[in-house]
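Below, each chain spelled out in residue letters.
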Amino acid sequence: MFYLEILWHASTGLNTHEKDDALFTLYTQIDRGVDRWIQDARYIPRLLVSSAVFLTVYFFFSLAVRDPIPMVDELVLAIAASFLAAYALSKRDKKGELAMKRRLELKQNASRCDYTIQEGLSSYEAYLDTCSYLDTLDLADRLALTGEADLPVLEIAESEMGPWQKEFKEILLRHFELTDRPLYALYVQVMRVRTSEAGDEAFAARLIKLAMHKNLDLPLLALMVVSSKQ
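What you see is a predicted model; the values in this text were computed from it and never measured.

Draft legend 1. Expanded view of the overall build of the protein chain. Broken down by element type, the protein chain carries 11 helices and 0 strands. In the protein chain, the succession of α and β elements from N to C terminus is α-α-α-α-α-α-α-α-α-α-α. Residues classed as buried in the protein chain amount to 35% of the 230 residues present. If you take every contact in the protein chain between residues at least 6 apart in sequence, the share linking residues at least 24 apart comes to 77%.

Below, the structure written as structure tokens:
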């Protein structure tokens, strides 16, 4: 899973305590990933059962209970029953044997990980530091192509370049696509603006507003953008 890979890279050069923290975070992400996986795998059976519950409850109360407002009570009760059935099935699937087996396999693989130094990641960390020193207004303008300068250049020593850069980019983008949809949507919009090479003042203003309300990490967004060029 991509969580294993991204934390493997991120654990470069950590001490024992920090590696334990990274492993704990990885276990948490594995649990979440397995939950999503089992929900997707069991979607059709869950949908069929919920639909059957809805129809059963609806027709039962329609035939067995007479009320002055037909359909309304029956619909409410049927919808509530189908949601409860779906919720109960979801909880059961998460604690089921298949999900437990997958969690155990992934966590065992994670515990056997070897930590090796990936040269070049420090350049990405340095890039985040560089962007964090830029003014919010300036960085938003650079992202939306409405300022006088473009984003800072991500400088990586030639000796540290390699196929791992593409892997890192894919892992980074995939991670936020799954875990932070709003941030990923902004990344897609930034890339659209930069592809058109036409500045977007309204978009820059939106980025500033989100950043000022602590709803957006502009340096991280900038890193996602420049990583795409690597």
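Draft legend 2. Representation of the layout of surface pockets in the model. The volume enclosed by the second largest pocket comes to roughly 160 Å³. Around the second largest pocket, the lining residues are C131, S132, L134, T136, L139, A211, K214, L216, L218 and P219. Mapped by element, the contributors of at least two residues to the lining of the second largest pocket are α6 (121–132), α7 (136–143) and α11 (218–227). Of the residues belonging to the lining of the second largest pocket, the class tally is 7 nonpolar, 2 polar and 1 charged.

Draft legend 3. Broad picture of the packing of α7 against α11. Two elements in contact, α7 and α11, have axes separated by 10 Å at closest approach and are oriented at 25°. Regarding the angle of α7 to α11, the classification is roughly parallel. Of the two elements, α7 crosses α11, and the hand of that crossing is left-handed. Contacts between α7 and α11 involve T136, L139, A140 and L143 from the first element and L218, P219, L221, A222 and V225 from the second. When grouped by side-chain class, the residues that make up the contact of α7 with α11 number 8 nonpolar, 1 polar and no charged.

Draft legend 4. Up close: α7. Inspection of α7 places L139, A140, D141, R142 and L143 among the buried residues, and these make up the whole buried set. Put simply, D135 is the residue that caps the front of α7, since its side-chain oxygen is 2.9 Å from the backbone nitrogen of L137. Positioned one or two residues after α7, L145 has a phi angle of 60°, which is positive.

Draft legend 5. Representation of unusual backbone geometry in the model. A positive phi angle, near 60°, is found at L145, a position not held by glycine. Along the chain, L145 turns up in the loop between α7 and α8 (164–179). Despite not being glycine, K214 shows a phi value in the positive range, around 60°. Checked against the element boundaries, K214 lands in the loop between α10 (201–212) and α11.

Draft legend 6. Spotlight on helix α4 (residues 72–94). The first and last C-alpha atoms of α4 sit 33 Å apart over 23 residues, in line with the 33 Å expected at 1.5 Å per residue. When α4 is considered as a whole, its buried residues turn out to be E74, A78, A81, S82, A85, L89, S90 and D93.

Draft legend 7. Fine view of a nonpolar patch on the surface. Together, Y43, I44, L47 and L48 make up an exposed nonpolar region whose accessible area comes to about 410 Å². In this fold, L47 is placed in helix α3 (residues 43–64). Residue classification places L47 among the partly exposed positions, given a relative accessible area of 39%.

Draft legend 8. Representation of the side chain of T146 in the model. With respect to the helices, strands and loops of the structure, T146 is situated in the loop between α7 and α8. Of note is the side chain of T146, whose polar atom sits 2.7 Å from the side chain of D141. Each residue touching T146, except ones within four places of it in the same chain, is listed here: D141, G199, D200, E201 and A204.

Draft legend 9. Structural context of the packing of α6 against α11. Remark: α6 packs on α11, axes separated minimally by 9 Å, with the N-to-C direction vectors making an angle of 130°. By the criterion of interaxial angle, the relationship of α6 to α11 is oblique. For the pair α6 and α11, the sense of crossing is right-handed. Counting all contacts with α6, which are made through Y124, Y127, L128, C131 and S132, the residues of α11 involved are P219, L220, A222, L223, V226 and S227.

Thresholds applied
Residues numbered from 1 in each chain as written. Predicted model: local features only at pLDDT ≥ 70, side-chain atom pairs only at ≥ 80, totals over all residues. Heavy atoms only, no water. Helix = DSSP H or I, 4+ residues; strand = E, 2+ residues; numbered from the N terminus. Buried < 20%, exposed > 50% of the residue type's maximum accessible area, 1.4 Å probe, protein only. Contact = heavy atoms within 4.5 Å. 1 Å grid on protein atoms, 1.4 Å probe; cavity = no way out; pocket = protein on both sides within 12 Å on 5 of 7 lines; lining within 4 Å. Points joined across faces, edges and corners; volume = space filled by probe spheres on them. Nonpolar A, V, L, I, M, F, W, Y, C, P; charged D, E, K, R; others polar. Axes fitted to C-alpha atoms, helices over the stretch in contact; angles between N-to-C directions. Parallel < 35°, antiparallel > 145°, perpendicular 65-115°, else oblique. Left-handed = near helix turned anticlockwise from the far one by under 90°. Polar contact = N/O pair within 3.5 Å; in protein donor to acceptor, adjacent residues only side chain to side chain. Expected span 1.5 Å × (residues − 1). Patch = residues over 30% accessible without salt bridge, like charges linked within 9 Å, V, L, I, M, F, W, Y side chains within 5 Å. Areas by Shrake-Rupley, 256 points an atom, 1.4 Å probe, with all protein chains shown as cover. Salt bridge = Lys/Arg side-chain N within 4 Å of Asp/Glu carboxyl O.

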